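An overview of the molecular structure
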Amino acid sequence: MGNHQLDALDIQILNQIASNARVPFLEVARECNVSGAAIHQRIQKLTNLGVLEGSEFKLNPTYLGLDTCAYVGLFLKDPSEFDRVVDALRQIPEVVECHYTTGKYDLFIKMYVKSNSDLMRVIHDKLLPLGLARTETLISFNEVFRRQVPIPEMDE
C-alpha cells in the first residue's frame, strides 16, 4: 500500500497519534479541525487499510529485570529449515523480533534476557538445538532512541 491512498487529513492524524497512541480522538479532532466521528472513521479506515497495526503499551525491559538486550545473527545448518526454525523461535519468550535478512545471516533476532549468563544459557539451550551452525551476538549497552517509521509527505 503506497501513500497515494492517504490524504492530508490522514497524514495529520498519523502525525498526531504516532507519538502517543493514547491521545483522545477529540483532541486529534480539534487539532485537525474536524469532528470526533470523522477521526474515529479515519482511524478505522487506516486500520482496515493496514496503515495502523494495533496499539500497545511499551514495556520497559529494565524494570522487568531484563537487563541484557542482544541482537543475534543466526546461521542455519540447513537453510531449507527456515519455516521450522522461525516457528520454534516464536516459542522462545526471550526472542522479541525475528527478521529474514540479506547478507551473512540467515535470520537476525532481538532478545531480552536477565543477564549475560542468561543470554549464554538461552543461546546454548534454546537456540543452538534448533539446527544452527553458529550464532553471532551483539549486546546493546543502551537503547539511545526508538521511533515510529517516518510518515511520508504528501505529494503536491
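Let us look at the nonpolar core. With 19 residues, the main nonpolar core has Leu74, Leu89, Ile92, Leu107, Ile109, Met111 and Leu127 as its most contacted residues. Broken down by secondary-structure element, the contributors of at least two residues to this core are strand E1 (68-76), helix H4 (82-90), strand E3 (107-113) and helix H5 (116-127). Membership of the second largest hydrophobic core comes to 14 residues, among which are Leu6, Ile11, Ile17 and Leu46.

Here we come to the sheet that holds strand E2 (residues 95-100). Taken together, the four strands give an open sheet; going across it, the order is E2-E3-E1-E4, and neighbouring strands pair in antiparallel fashion. Whereas interior strands pair on both sides, the edge strands pair on one side only; in this sheet they are E2 and strand E4 (132-140). Direction aside, neighbouring strands of the sheet carry axes that sit 20 degrees apart on average. Sheet topology places E1 next to E3; seven bridges connect them, and they run antiparallel. Each bridged residue has a counterpart across the sheet, and for Leu74 the counterpart in E3 is Leu107. Running at roughly 165 degrees to E2, H4 makes contact with E1, E2 and E3 of the sheet. Packing against the sheet, H5 makes contact with E1, E3 and E4, and its axis sits at approximately 135 degrees to E3.

What counts, and where the lines are drawn
Residues numbered from 1 in each chain as written. Predicted model: local features only at pLDDT ≥ 70, side-chain atom pairs only at ≥ 80, totals over all residues. Heavy atoms only, no water. Core = buried A, V, L, I, M, F, W, Y, C linked by side-chain atoms within 4.5 Å. Buried < 20%, exposed > 50% of the residue type's maximum accessible area, 1.4 Å probe, protein only. Helix = DSSP H or I, 4+ residues; strand = E, 2+ residues; numbered from the N terminus. Pairing = 2+ DSSP bridges. Axes fitted to C-alpha atoms, helices over the stretch in contact; angles between N-to-C directions. Contact = heavy atoms within 4.5 Å.

So, to be careful, I would describe these as geometric facts and stop short of saying anything about function.
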